[in-house]
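# An overview of the molecular structure
Each chain, letter by letter, is given below.
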Amino acid sequence: MTKIEIPPDHPRRLSLETRETIIEGHELHIVATAGLLAHGRGEAFDYLIGEKTTDLARAATKAAVAAMFVAKHPVISVNGNICSLVPEDLVALSEICGAPLEINLFYYRKEREDAIKKALFDAGAKEVLGTHDRPSETIPELSSNRRKVDPEGIGKGDVILVPLEDGDRTEALKAIGKFVVTIDLNPMSRTAVHSDITIVDNVIRTLPLMVELAREMKDLPKEELRKIAESFDNTENLATSVQIIMQNLEANATNIGEMRKKFGTGAIGK
Ligand code: PTJ
């Protein structure tokens, strides 16, 4: 493996370590090559959102957990990126919420399915749906590899958590009446826009927070949970997320001169 040591005092240590994790996931066939590009896009949006969980993202995460508890059949859809970044948290959330883990890949290859299944079992999963040896049914609205779903998972699921998703799939799940919860750093992506609850945050922060909140909220009365989930306004959430990005950009425009003072202008021709 090519994993490199990031100096402990590096100002962008966490971001670089996460990048190493994704690269390692790619070498293990967990992450698709396109998953590396998707991660880079996520990094850029994380920068714009301030690389922290906003109060808004926290409220969305709480609503998402509430929706999973209220659901009859909550399901967690697993792709290469999420499996590589937070496998233990996926397993923990699945157990607390009674939501099965279903592998559902855009860039399907049998060796990827096997690698993801192994990573989930290594992280403590007892069952993994969506594998080639299991029964499958088809989402007619979708033409990509993801049209095949597990009848015991997404097939009968009502609330589906689809972290880091491509837009077609979200639209197809919505078209067949599912309540879709997503985690996407880009509040303008088709997935973000069409989901019922969009957590605009990095999955590396959201999944641990979902596990923490699920532990806290699991004994709340169903009516209270339903209220938390149903009172969440995703239109306002997305509009405010875009405003947060604009405010961060404006703050940078104001501060850029100050930041440049550290080194000043270099000398030419010396
Ligand atoms: O493993 P597979 O074959 O199912 O493929 C998975 C990917 C992610 C490659 C596939 O679903 C894809 O192509 O996704 P997109 O269309 O590139 O969308 C990914 C979205 O996730 C983009 O809007 C990114 O900004 C966002 N994103 C990337 N990294 C993160 C993220 N959002 C939250 N946390 C991240 N770490």
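Check the entry above for the structure.
These figures come from a predicted structure and were not determined experimentally.

## Some thoughts on the packing of aromatic side chains
In total, this model carries one aromatic pair according to the counting rule given. For the pair F106 and Y107, a centre-to-centre distance of 4.8 Å together with 75 degrees between the ring planes defines the contact as edge-to-face. Residue classification places Y107 among the partly exposed residues on the basis of a relative accessible area of 44%.

## Thoughts on the sheet that holds strand β7 (residues 197–199)
Sheet architecture is open: five strands sit in the order β2-β1-β5-β6-β7, paired in parallel fashion. Both edges of this open sheet fall to β2 (101–103) and β7, since each of them pairs with a single strand only. Neighbouring strand axes in the sheet, compared pairwise and without regard to direction, differ in orientation by 20 degrees on average. Examined bridge by bridge, strand β1 (residues 75–78) and strand β5 (residues 159–163) share two bridges and lie parallel to one another. Residue pairing in the sheet places I76 in a bridge with L161 of β5. Against the sheet, helix α6 (residues 110–122) contacts β1 and β2, and its axis sits at roughly 160 degrees relative to β2.

## Considerations on the packing of helix α3 (residues 55–70) against helix α9 (residues 203–217)
For the pair α3 and α9, interaxial distance at closest approach is 9 Å and the crossing angle is 55 degrees. Between α3 and α9, the interaxial angle falls into the category oblique. In the packing of α3 onto α9, the handedness of the crossing is right-handed. Residues R58, T61, K62, A64, V65, A66, M68 and F69 of α3 form the contact with α9, whose own contacting residues are T206, L209, M210, E212, L213, A214 and M217. Along the lines of polarity and charge, the residues of the contact of α3 with α9 split into 10 nonpolar, two polar and three charged.

## As for the packing of helix α1 (residues 13–27) against helix α2 (residues 33–49)
α2 packs onto α1 with a crossing angle of 165 degrees between their chain directions and a minimal axis gap of 9 Å. Judged by the inter-axis angle, α1 sits roughly antiparallel to α2. The way α1 lies across α2 gives a crossing that is right-handed. On α2, the residues touching S15, T18, R19, I22, I23 and H26 of α1 are T33, L36, H39 and E43.

Cut-off values and rules
- Residues numbered from 1 in each chain as written.
- Predicted model: local features only at pLDDT ≥ 70, side-chain atom pairs only at ≥ 80, totals over all residues.
- Heavy atoms only, no water.
- Phe/Tyr/Trp six-rings, centres within 6.5 Å; stacked < 30°, edge-to-face > 60°.
- Buried < 20%, exposed > 50% of the residue type's maximum accessible area, 1.4 Å probe, protein only.
- Pairing = 2+ DSSP bridges.
- Helix = DSSP H or I, 4+ residues; strand = E, 2+ residues; numbered from the N terminus.
- Axes fitted to C-alpha atoms, helices over the stretch in contact; angles between N-to-C directions.
- Contact = heavy atoms within 4.5 Å.
- Parallel < 35°, antiparallel > 145°, perpendicular 65-115°, else oblique.
- Left-handed = near helix turned anticlockwise from the far one by under 90°.
- Nonpolar A, V, L, I, M, F, W, Y, C, P; charged D, E, K, R; others polar.

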